[in-house]
Amino acid sequence: MSSRSERFIKERKEYWDKISSIILKIKKKGYKNLTDSEIIEFPNLYRKISTDSEIAKTLKLSPDTIEFLDRLVLHAHNTLYCVKKRKTEEIFSFIFIDFPKVFIKNIHSILAIFLLFLGTCIITFFYTYYNPDFIKEILPEYFINMLKESYKQGVERNVNENIYMASYYIYNNVSIAFTSFILGLTFGIGTILTIIYNGLVIGGIAGVIVTSGYGYNFFNFVIAHSAFELLGITLTAGAGLSIGFSLIKPEEERRGKILAKKAKEIMPILITGAFFITIAAFIEGFISASVIDIKIKIAIFIFSLIFIFGLSYKIFFVKIKRKIFK
């Protein structure tokens with residue numbers, strides 16, 4: 001006849017083995033190695049073995065059984081509460097879980113900014129191309145002449161100038177992006193006006209430079225950093241517009257509470273946008289104005305697009321299958 005300890009172990013061995021397996025997986029490769037069901041089960045199993053440990057002591061089961069359960073509870077506790085996520089796991093979680101969820105939830109605002117910004121640039125470019133004097137309605141004449149002279153010669157700088165300009169581009173681009181984000185507090189109106197104005201400026205400058213016959217130099221300068229810069233500004237401004245939309249029609253909650261919740265929600269979009277803006281500024285500072293062959297700059301642009309579309313594929317096709325957007 002089996003002892004009371006043997007019966008106790010037999011009744012519970014299946015889920016003891018289960019939690020032992022989960023602990024081993026986490027120690028080897030971290031939480032990302034767990035399935036969705038294992039992530040859900042782990043805390044519940046921990047509570048069950050903690051109860052088993054107390055029951056074993058109350059029933060005065062064999063010392064081996066009590067010692068085994070004490071060790072198992074200790075390992076489970078340390079794994080559940082004391083083991084920090086690895087940095088790579090945190091990055092993985094941010095890129096493939098946090099950011100995609102928030103992006104999909106706010107995609108209408110981001111898409112609206114993208115179309116508005118790009119559309120304004122394209123329309124203004126062609127209008128200025130055929131009506132060069134239009135640029136004077138946007139920028140002062142001395143600044144226009146300075147730009148023409150700059151692109152006439154071609155933009156080339158030494159190392160110290162590159163460092164200075166990279167810092168300037170980071171400051172300038174981040175200022176534009178975060179201004180458009182903060183102005184979301186004006187129910188999105190400030191964000192929209194900021195994006196339209198910058199679209200007018202960029203499109204107008206491109207149009208007048210190309211009309212002046214310096215299109216190659218302009219293209220040579222902007223092509224390398226343009227993809228990441230456009231993406232970064234679109235994300236940050238889209239986050240601002242999303243805040244604006246959330247304030248237009250509040251439900252039962254007060255606007256202050258809605259604002260706090262929305263700001264916390266869209267933080268992954270803001271961080272990602274700032275990352276791409278910073279990368280674009282470094283490219284603009286050290287590569288765009290250099291004497292590097294234009295073919296290399298075009299290759300950087302193509303690589304940027306491949307990176308963006310590749311990341312999009314990973315996020316929106318692979319992860320949708322795992323139903324992360326529920």
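You'll find the structure just up there.
Residues numbered from 1 in each chain as written. Predicted model: local features only at pLDDT ≥ 70, side-chain atom pairs only at ≥ 80, totals over all residues. Heavy atoms only, no water.

(A) Focus on the overall build of the protein chain. A tally of helices and strands in the protein chain yields 13 helices and 0 strands. Traced from its N-terminal end to its C-terminal end, the protein chain shows the element sequence α-α-α-α-α-α-α-α-α-α-α-α-α. Put simply, the protein chain has 326 residues, and 40% of those count as buried. Across the protein chain, contacts joining residues at least 24 apart in sequence account for 80% of those joining residues at least 6 apart. Carbon and sulfur atoms provide 65% of the accessible area of the protein chain, an area that totals close to 19,200 Å². (Helix = DSSP H or I, 4+ residues; strand = E, 2+ residues; numbered from the N terminus. Buried < 20%, exposed > 50% of the residue type's maximum accessible area, 1.4 Å probe, protein only. Contact = heavy atoms within 4.5 Å. Areas by Shrake-Rupley, 256 points an atom, 1.4 Å probe, with all protein chains shown as cover.)

(B) A look at the packing of helix α6 (residues 141-153) against helix α8 (residues 189-211). Their axes nearest at 10 Å, the elements α6 and α8 cross at an angle of 55°. As the angle between them shows, α6 and α8 are arranged oblique. α8 is crossed by α6, and the crossing has right-handed handedness. Here α6 contributes Leu147, Lys148 and Tyr151 to the contact with α8, which in turn contributes Ile205, Val208 and Ile209. Across the contact of α6 with α8, the residue classes tally to 5 nonpolar, no polar and 1 charged. (Axes fitted to C-alpha atoms, helices over the stretch in contact; angles between N-to-C directions. Parallel < 35°, antiparallel > 145°, perpendicular 65-115°, else oblique. Left-handed = near helix turned anticlockwise from the far one by under 90°. Nonpolar A, V, L, I, M, F, W, Y, C, P; charged D, E, K, R; others polar.)

(C) Up close: the nonpolar core. Among the nonpolar cores identified, the biggest contains 20 residues, and Phe181, Phe228, Leu235, Ile266 and Ile269 are the most heavily contacted of them. Those elements that place two or more of their residues in this core are α4 (87-105), α10 (226-248), α12 (267-288) and α13 (294-321). The element best represented in this core is α10, accounting for 6 residues. Beyond its immediate stretch of four places on either side in the chain, Phe181 contacts Thr191, Thr236, Ala239, Gly240, Ile243, Ile266 and Leu270. Grouped together as the second largest cluster of nonpolar side chains are 19 residues, Phe8, Ile19, Ala56 and Ile66 included. (Core = buried A, V, L, I, M, F, W, Y, C linked by side-chain atoms within 4.5 Å.)

(D) Quick look at the packing of aromatic side chains. Overall, the coordinates contain 14 aromatic pairs when judged by the stated rule. Residues Trp16 and Phe68 carry aromatic rings whose centres are separated by 5.6 Å and whose planes lie at 45° to one another, so their mutual orientation is tilted. Taken together, the residues span a long stretch of sequence, with Trp16 in helix α1 (residues 4-29) and Phe68 in helix α3 (residues 63-82) at a distance of 52 residues. Exposure remark for Phe68: the relative accessible area of 31% places this residue in the partly exposed category. Plain terms: the ring middles of Phe282 and Phe286 are 6.1 Å apart, the flat faces sit at 10° to each other, and that makes the pair stacked. (Phe/Tyr/Trp six-rings, centres within 6.5 Å; stacked < 30°, edge-to-face > 60°.)

(E) Expanded view of the pattern of salt bridges. Under the counting rule described, the total for this entry stands at 11 salt bridges. Here Asp70 and Lys57 are joined by a salt bridge, their closest N and O atoms 3.3 Å apart. Taken as a pair, Asp70 in helix α3 and Lys57 in helix α2 (residues 36-58) lie far apart in primary sequence, 13 residues in all. The exposure class of Asp70 is partly exposed, given its relative accessible area of 30%. Between Lys262 and Glu265 there is a salt bridge, with its nearest N and O atoms 3.1 Å apart. (Salt bridge = Lys/Arg side-chain N within 4 Å of Asp/Glu carboxyl O.)

(F) Inspection of the packing of α10 against α12 at higher detail. Look at α10 against α12: their axes get within 7 Å of each other, and the N-to-C directions meet at 150°. Considering the angle they form, α10 stands roughly antiparallel to α12. Crossing handedness for the pair α10 and α12: left-handed. Residue-level inspection shows Phe228, Glu229, Leu231, Gly232, Ile233, Leu235, Thr236 and Ala239 of α10 in contact with α12, the latter providing Ile269, Leu270, Thr272, Gly273, Ala274, Phe276, Ile277, Ile279, Ala280, Ile283 and Glu284.

(G) Geometry of the side chain of Thr234. You can see Thr234 is positioned in helix α10. The contact partners of Thr234, leaving out residues within four places of it in the chain, are Ile110, Ile113 and Phe114.

(H) Representation of a nonpolar patch on the surface. Taken together, the side chains of Leu118, Ile122, Phe126, Tyr129 and Tyr130 define a hydrophobic patch exposed on the protein surface, amounting to about 500 Å² of accessible area. In this structure, Tyr130 sits in helix α5 (residues 107-130). Relative accessible area serves as the criterion here: at 61%, Tyr130 is assigned to the exposed category. (Patch = residues over 30% accessible without salt bridge, like charges linked within 9 Å, V, L, I, M, F, W, Y side chains within 5 Å.)

(I) Seen up close, helix α11 (residues 255-265). Among the residues of α11, those classed as buried are Ile258, Lys262 and Glu265. Taken around the axis of α11, the buried residues stretch over an arc of 55°, which confines them to a single face. Across from the buried face of α11, at angles greater than 90 degrees, the exposed residues are Lys257 and Lys264. (Arc of directions from axis to C-beta.)

(J) Structural view of unusual backbone geometry. Backbone geometry places Lys60, a non-glycine residue, at a positive phi of 55°. With a phi close to 60°, Phe187 is a non-glycine residue in the positive phi region. Examined against the element boundaries, Phe187 turns out to sit in the loop between α7 (159-182) and α8.

(K) Local environment of α6. Taking 1.5 Å of rise per residue, 13 residues should cover 18 Å, and α6 covers 19 Å from first to last C-alpha, within 8% of that figure. Those residues of α6 that fall on the buried side of the exposure criterion are Ile144, Leu147 and Tyr151. The arc that holds every buried residue of α6, seen down its axis, measures 60°, which confines them to one face. Exposed positions of α6 whose direction lies more than 90 degrees from the buried face are Tyr142 and Gln153. Taken together, the buried residues of α6 touch α8 and α9 (215-222). (Expected span 1.5 Å × (residues − 1).)

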